[in-house]
There are 2 protein chains.
Amino acid sequence: MVIKSEVLQKLKNIAGDGNFFTDKETLQHFNYDATERRYMPDVVVTPKSTEEISKIMELCYQENIPITPQGGKTGLSGGCLPVKGGVIISFKNMKNILEIDDKNYTATVEPGVVAADFQKAIRDKGLFFPPDPSSTVESTLGGNVAENAGYTRAVKYGVTKDYILGLEAVLPNGKVIHLGGKNIKDVTGYDLVRLLVGSEGTLAVITKIIVKLLPLPESRRTLIGYFDDMTIGADFVVEIFKSGIIPTAIEFMDRMTMKAVESYLNVELPEAEAMILVEVDGNKFAVDDEAEKILKIYEKTGAKDFRLAIDQKEADKFWIIRRESLPSLKAKGGDQLEADIVVPRYFLPAYVKNIHKLADEYKCQVAAYGHAGDGNLHITIIYHKSSFQDLVNANELFARFYEEAIKLGGSLSGEHGIGITAAPYLKMQLGETEIELLRSIKKAFDPKGLLNPGKIFDFKDEE
Amino acid sequence: MVIKSEVLQKLKNIAGDGNFFTDKETLQHFNYDATERRYMPDVVVTPKSTEEISKIMELCYQENIPITPQGGKTGLSGGCLPVKGGVIISFKNMKNILEIDDKNYTATVEPGVVAADFQKAIRDKGLFFPPDPSSTVESTLGGNVAENAGYTRAVKYGVTKDYILGLEAVLPNGKVIHLGGKNIKDVTGYDLVRLLVGSEGTLAVITKIIVKLLPLPESRRTLIGYFDDMTIGADFVVEIFKSGIIPTAIEFMDRMTMKAVESYLNVELPEAEAMILVEVDGNKFAVDDEAEKILKIYEKTGAKDFRLAIDQKEADKFWIIRRESLPSLKAKGGDQLEADIVVPRYFLPAYVKNIHKLADEYKCQVAAYGHAGDGNLHITIIYHKSSFQDLVNANELFARFYEEAIKLGGSLSGEHGIGITAAPYLKMQLGETEIELLRSIKKAFDPKGLLNPGKIFDFKDEE
């Protein structure tokens, strides 16, 4: 888009010389995320304070310039991509942990704090912030809040949303709002805190975050097991809950994901249809007891090669196998489509079986892994754009995966957001009236539609 | 208000003969709640289905008739009172538990199901729905969802909101919406499920609820202890978390509440400034270990008469003391004002000390009890309307309690809602921009302002 030179000058004056960029070389550091799609912004600013952000947004509001907030660029739905150009507000200069309150068990942070840095800072004080996505070494807390990021521990601890007590944010018109605080409970007015969490940067730009902390769990136990029949996984998960255990994590990989990991990490895994990893944490007597019970459930449901990690070192090895799923699949090359589907937990194994059947039908390579305890599945389709038939098949199959999930009462996304990748399928899950309501909320916050435009609703890829 | 006779006839045709009431005697069964305020509706309907509710609401929308949804009338903020008259939709005929899904750990219910009935139905299947307010024998799940009810177990398990996965609801114009489902995770679009939970019946009428269930905890331990110095309570709570324990409940009563309970139940309690009850639940080895640790913390922080309940029977006795706080105070008679204040957890004991100081200043009787683990305090002011000075003092003091909480970063309500009782103080907690946002959301759902009018915003008591 064309931005008038006096507006550019004003933006530069607000952000300061070293924090305002329009040169192509710099912009290229801000025009991509983990979807590997690229969209050029016109300007990047790296403000240092809420006040600067407020002024930038007020100016852009007057001038009708789109704004896209951006964190660590690890998103898998394109949430931080400036699909309509305009200004990127990057949080590179807002990385301060403002307070760790070890009396109230809260912390106050700026959105640019990298998740892993925060984890380290609180662990040193014996505190625990459960949400810790796989992207932790790069993703920012602001991005995790905007996308309501999930992570492996969500079975027991819930998602990012469950740990956000308060927010400071700037509305598109530049007004600063303060929502919630350090209170564990708060029912004053509608829950705007939880409305902003997961709103994918489309309602307001978050500038401060107050999170809830827990005490560090005393102990943890990690188990791994393999199944020859995928569908047994459903009963395996039910049996764990039936035994009274609320596991921290129940993670899953299918055969193709295992094969990809084997070759990527140069390890050997048992020949099986599915791997299921279980972790429990908490009181040390409890986790020992629960680990024993889970071993029996592996046995009872016909798992093979199941074992309890003898120490944290071995547990880390189990986790590496699971955590390297995405990089291992990426390393297989070709073109890839990724979905972040959810189905009611018990239906997950049958759904996985079904997608493999469909993959055969469409002659596509498909791998699936994810959070079996939440019914949240990451699916990768590997194909080759260069073959037109392959491209058509892959895209049709991609849509079928959403369709089949919705048939089971599932959802288009569990933790990555709708962004631009799932936006074309929104109407599969939500009716007209529901979408109208979403739009009316968007309008209440952002009447001009300037904030992170092109996301969630009506995305049309103009690549 | 005046409702045209042909509109009354239409309403009667929709609801059916035995489910439509305009006679004063019947209306009087629907014109009050636990606030003991009374507002007369013009009509009460007791529909049997979503379809009927949709038709009733469509008609009222055309005719500009206010609608107030009503559950068990146990609310303490006036949420179900028809302050502008019009139609009450009572859920007396929608009490079905539609499904208990013991594979996906969910249940689907109609809003009129009484909380205790639901608890019994799932307990029989080894399932657990943590939110269980003190009003459980009367309050309905619909009301608990509308108010985002809290309860004693919220320290560990979170509030009602954390267990609502899906909703069916009817918009003021009669359109039916379906939000969420049985999925544990779902980030498709803005989180309308959690926007409706706690919206106090002002955005849509909830007609179906899908809740998340957990396995029943294997075991529980309950402890009680007394403190001569209120402020020690702050460190007592921190010490529990520091020891790595996430207790199920940490409950609190002050001296005056204890005295009220003593005389109401005819029991003798130790002379003390504060009682603190702690409960832990979960794995049986864990709770034994945690109970030992908590006993040591009672000792370390200078509690007296502290003990671990030897069995569930004794635990029940501890709980009765705490649970009878509200009835015991109500039994003291006089006129009463009740607040449901929240402050950041660590500040609670100092806050309680402060309110007692203020009570002396204003020459009012004040009792406080509540959920120390959440920083959520219920305060009762007992006064006599008949004395004008007493009335003025009580109301000034009431406002001061809110003010002092807000100074500490607190909230007007933790679990009862704003309704009409806290509405006059809304501007203490929220700024103009924040309130404008709330109003714009209200408008998006209810452009004519017909649904549960007079709540949250601008309530003016015209008694």
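All chains use their own residue numbering, which begins from 1 and follows the written sequence. Ligands are numbered from 1 and chains lettered from A, in the order in which they are written. With the structure being a predicted model, the display of local features is reserved for residues of pLDDT at least 70 and the display and counting of side-chain atom pairs for 80 or more, all residues being used for whole-chain, interface and lining totals. Water and hydrogen atoms were dropped before computing side-chain values, which therefore reflect all heavy atoms in the structure.

1. Describing the overall build of chain A
Here is the rule we go by: A run of H or I in DSSP counts as a helix once it spans at least four residues, and a run of E counts as a strand once it spans at least two, with each numbered from the N terminus. Between the two quantities, the radius of gyration covers C-alpha atoms and the globule rule is 2.2 Å times the number of residues to the power 0.38. The buried label goes to any residue with under 20% of its type's maximum accessible area, the exposed label to any with over 50%, and the partly exposed label to all in between, with areas taken from a 1.4 Å probe on protein chains only. Only heavy atoms matter for contacts: two residues are in contact if any of them lie within 4.5 Å across the pair. Residue-level accessible areas treat just the shown protein chains as cover; the underlying method is Shrake-Rupley with a 1.4 Å probe.
For chain A, the count of helices and strands is 16 helices and 18 strands. Its C-alpha radius of gyration of 22 Å places chain A within 12% of the 23 Å reference for a compact globule of 463 residues. With the C-alpha coordinates aligned to their principal axes, the bounding extent of chain A is approximately 70 × 60 × 45 Å. Scored against the burial criterion, the 463 residues of chain A give a buried share of 63%. Taking the contacts inside chain A whose residues are at least 6 apart along the sequence as the reference set, 73% of them involve residues at least 24 apart. Of the roughly 17,100 Å² that chain A leaves accessible, carbon and sulfur atoms contribute 49%.

2. Looking at the environment of Ile250(A)
With respect to the element layout, Ile250(A) can be found in strand S13 (residues 249–254). When near neighbours in sequence (up to four residues on either side) are disregarded, Ile250(A) contacts Val155(A), Val237(A), Ile240(A), Phe241(A), Ile276(A), Leu277(A), Val278(A), Gly370(A), His371(A), Ala372(A) and Gly373(A).

3. A closer look at the side chain of Thr140(A)
Residues and elements named next belong to chain A. Our working rule: Pairing of N or O atoms within 3.5 Å defines a polar contact, subject to two protein rules: one partner must be a possible hydrogen donor and the other a possible acceptor, and residues neighboring in sequence count only if both atoms are side-chain atoms.
Counting through the fold element by element, Thr 140 comes out in the loop between strand S7 (127–128) and helix H5 (141–147). From its side chain, Thr 140 meets the backbone nitrogen of Gly 143 in a polar contact 3.1 Å long. If we ignore the near neighbours within four places in the chain, the residues touching Thr 140 are Gly 71, Gly 72, Pro 111, Gly 112, Val 113, Val 114 and Ala 115.

4. Quick look at the nonpolar core
Rules: Note on terminology: a nonpolar core comprises buried Ala, Val, Leu, Ile, Met, Phe, Trp, Tyr and Cys residues joined through side-chain atoms within 4.5 Å.
Ranked by internal contacts, the top residues of the largest apolar core, which has 196 residues, are Phe118(A), Phe401(A), Phe445(A), Phe118(B), Phe401(B) and Phe445(B). With near-sequence residues (within four places) excluded, Phe445(A) lies in contact with Leu171(A), Pro172(A), Leu192(A), Leu195(A), Leu196(A), Leu203(A), Leu437(B) and Ile441(B). Core analysis: the next-biggest nonpolar cluster, separate from the first, contains 22 residues, Ile56(A), Val87(A), Met94(A) and Val205(A) among them.

5. Focus: the sheet that holds strand S5 (residues 97–101) of chain A
Residues and elements named next belong to chain A. So the rule is basically this: One bridge is not enough; two strands pair if DSSP finds at least two bridges between them. Axes here mean lines fitted to C-alpha atoms, for a helix over just the part in contact, with angles spanning 0 to 180 degrees between N-to-C directions.
Spatial strand order, S5-S6-S10-S8-S9: five strands in an open sheet with antiparallel pairing. The open sheet has two free edges, formed respectively by S5 and strand S9 (176–180), since each of these has just one partner strand. The sheet shows a mean angle of 10 degrees between the axes of neighbouring strands, taken without regard to direction. Here helix H4 (residues 115–123) sits on the sheet and contacts S5, strand S6 (106–109) and strand S10 (205–212); the angle it forms with S5, its principal contact strand, is near 35 degrees.

6. Thoughts on the environment of Val392(B)
All names here are of chain B. Looking at the secondary structure, you find Val 392 in helix H14 (residues 388–407). For Val 392, a relative accessible area of 24% translates into the label partly exposed. Remark: the alpha-carbon pair of Val 392 and Tyr 362, spanning 30 residues in sequence, is separated by 9.6 Å.

7. Focus on the sheet that holds strand S8 (residues 164–170) of chain B
Residues and elements named next belong to chain B. Ordered by their spatial adjacency, five strands build an open sheet running S5-S6-S10-S8-S9, and the pairing between neighbours is antiparallel. The strands lining the two open edges of the sheet, one partner per strand, are strand S5 (97–101) and strand S9 (176–180). Averaged over all adjacent pairs, the angle separating strand axes in this sheet is 10 degrees, with direction ignored. As defined by bridge partners, S5 adjoins strand S6 (residues 106–109) across four bridges and the pair is classed as antiparallel. What sits directly across from Ile 100, in S6, is Ala 107. Where helix H3 (residues 50–63) meets the sheet, it contacts S8, S9 and strand S10 (205–212), and its direction lies at approximately 50 degrees from that of S8.

8. Notes on the packing of helix H16 (residues 432–445) of chain A against helix H16 (residues 432–445) of chain B
In a pair of packed helices, the angle between the axes and the distance between the axes together describe the arrangement. Formally: Note on terminology: angles under 35 degrees are roughly parallel, angles over 145 are roughly antiparallel, angles of 65 to 115 are roughly perpendicular, and the others are oblique. In a left-handed crossing the near helix is turned counterclockwise from the far helix by less than a right angle, and in a right-handed crossing that turn is clockwise. Following the grouping adopted for this structure description, the nonpolar residues are Ala, Val, Leu, Ile, Met, Phe, Trp, Tyr, Cys and Pro, the charged ones are Asp, Glu, Lys and Arg, and the polar ones are all others, Gly among them.
In the contact formed by H16(A) and H16(B), the axes pass within 9 Å of each other and the chain directions differ by 150 degrees. In this view, H16(A) runs roughly antiparallel relative to H16(B), as classed from their interaxial angle. Regarding H16(A) and H16(B), the two cross each other, and that crossing is right-handed. Only Leu437(B), Ser440(B), Ile441(B), Ala444(B) and Phe445(B) of H16(B) make contact with H16(A), whose side of the interface consists of Leu437(A), Ser440(A), Ile441(A), Ala444(A) and Phe445(A). Looking at side-chain class alone, the contact of H16(A) with H16(B) contains eight nonpolar, two polar and no charged residues.

9. Remarks on the interface of chain B and chain A
Selection rule: When two parts are brought into contact, each loses some accessible area as probed by a 1.4 Å sphere; the total of that loss over both is the buried area. Whenever Lys or Arg places a side-chain nitrogen within 4 Å of a carboxyl oxygen from Asp or Glu, that contact is recorded as a salt bridge.
Taken residue by residue, the interface counts 86 residues in chain B and 86 residues in chain A. Here chain B packs against chain A, burying approximately 6,800 Å² in sum over the two surfaces, 60% of which is carbon and sulfur. The tally of links from chain B across to chain A stands at 10 salt bridges. Here Glu218(A) makes a salt bridge to Lys293(B), at a shortest N to O gap of 2.9 Å. The interface formed by chain B and chain A includes 36 residue pairs in polar contact (both at pLDDT 80 or more). Mapped by element, the contributors of at least two residues to the side of chain B that touches chain A are S9, helix H7 (192–196), strand S11 (214–215), helix H8 (232–242), helix H10 (284–300), helix H15 (426–429) and H16 of chain B. Counting residues per element, the side of chain B that touches chain A draws most heavily on H16(B), which supplies 10 residues. By residue class, the composition of the side of chain B that touches chain A is 38 nonpolar, 24 polar and 24 charged.

10. Comments concerning the pairing of S6(A)
Residue and element names in this part refer to chain A. Of the two faces of S6, the one carrying Thr 106 and Thr 108 and the one carrying Ala 107 and Val 109 are both buried. Adjacent in sequence and paired antiparallel, S5 and S6 are bridged by four residues, among which Tyr 105 carries a positive phi angle near 55 degrees. Here S6 runs beside S10; their pairing, made up of four bridges, is antiparallel. Its bridge partner lying in S10, Thr 108 is registered against Ile 210.

11. Examining the domain arrangement of chain A
All names here are of chain A. Counted only if it meets this: An automatic or database domain assignment provides the domain bounds reported here.
Examined at the domain level, chain A breaks down into domain 1 (5–92), domain 2 (97–215), domain 3 (219–326) and domain 4 (333–428). For domain 1 and domain 4, the distance between their C-alpha centroids amounts to 32 Å. In this assembly, eight residues from domain 1 lie in contact with seven residues from domain 4. When domain 1 packs against domain 4, the two sides together hide about 630 Å² of surface, and 61% of this comes from carbon and sulfur. It is Arg 37, Leu 76 and Ser 77 that lose the most area in domain 1 upon contact with domain 4, and together they represent 78% of the buried surface on that side. Our count for the domain 1 to domain 4 interface comes out at zero salt bridges. Along the contact surface separating domain 1 from domain 4 lie three residue pairs in polar contact (both at pLDDT 80 or more).

12. Notes on helix H9 (residues 255–265) of chain B
Along H9(B), the residues classified as buried are Met256(B), Thr257(B), Met258(B), Ala260(B), Val261(B) and Glu262(B). Where H9(B) ends, the next residue or the one after it, Asn266(B), has phi of about 55 degrees, a positive value.

13. Some words on the relation of the copies chain B and chain A
What counts is decided by this rule: Our superposition of the copies is a least-squares fit, built on the C-alpha atoms of residues whose pLDDT is at least 70 in both.
Of the transformation placing chain B onto chain A, the axial shift is 0.0 Å and the rotation is 180 degrees, giving an RMSD of 0.0 Å. Both chain copies can therefore be described as sitting about a two-fold axis. Within chain B, the C-alpha atom positioned nearest to the axis of rotation is that of Ala286(B), 2.5 Å from it. Counting the interface residues of chain B, we find that 100% of their copies in chain A are interface residues as well, pointing to one common contact surface.

14. Examining the packing of helix H1 (residues 5–15) of chain A against helix H3 (residues 50–63) of chain A
All names here are of chain A. Packing of H1 against H3 leaves a shortest axis separation of 9 Å and a crossing angle of 170 degrees. Relative to H3, the element H1 is oriented roughly antiparallel. Across the interface between the two elements, Val 7, Lys 10, Leu 11, Ile 14 and Ala 15 from H1 touch Glu 52, Lys 55, Ile 56, Leu 59, Cys 60 and Glu 63 from H3. Classifying every residue of the contact of H1 with H3 by side-chain character gives seven nonpolar, no polar and four charged.

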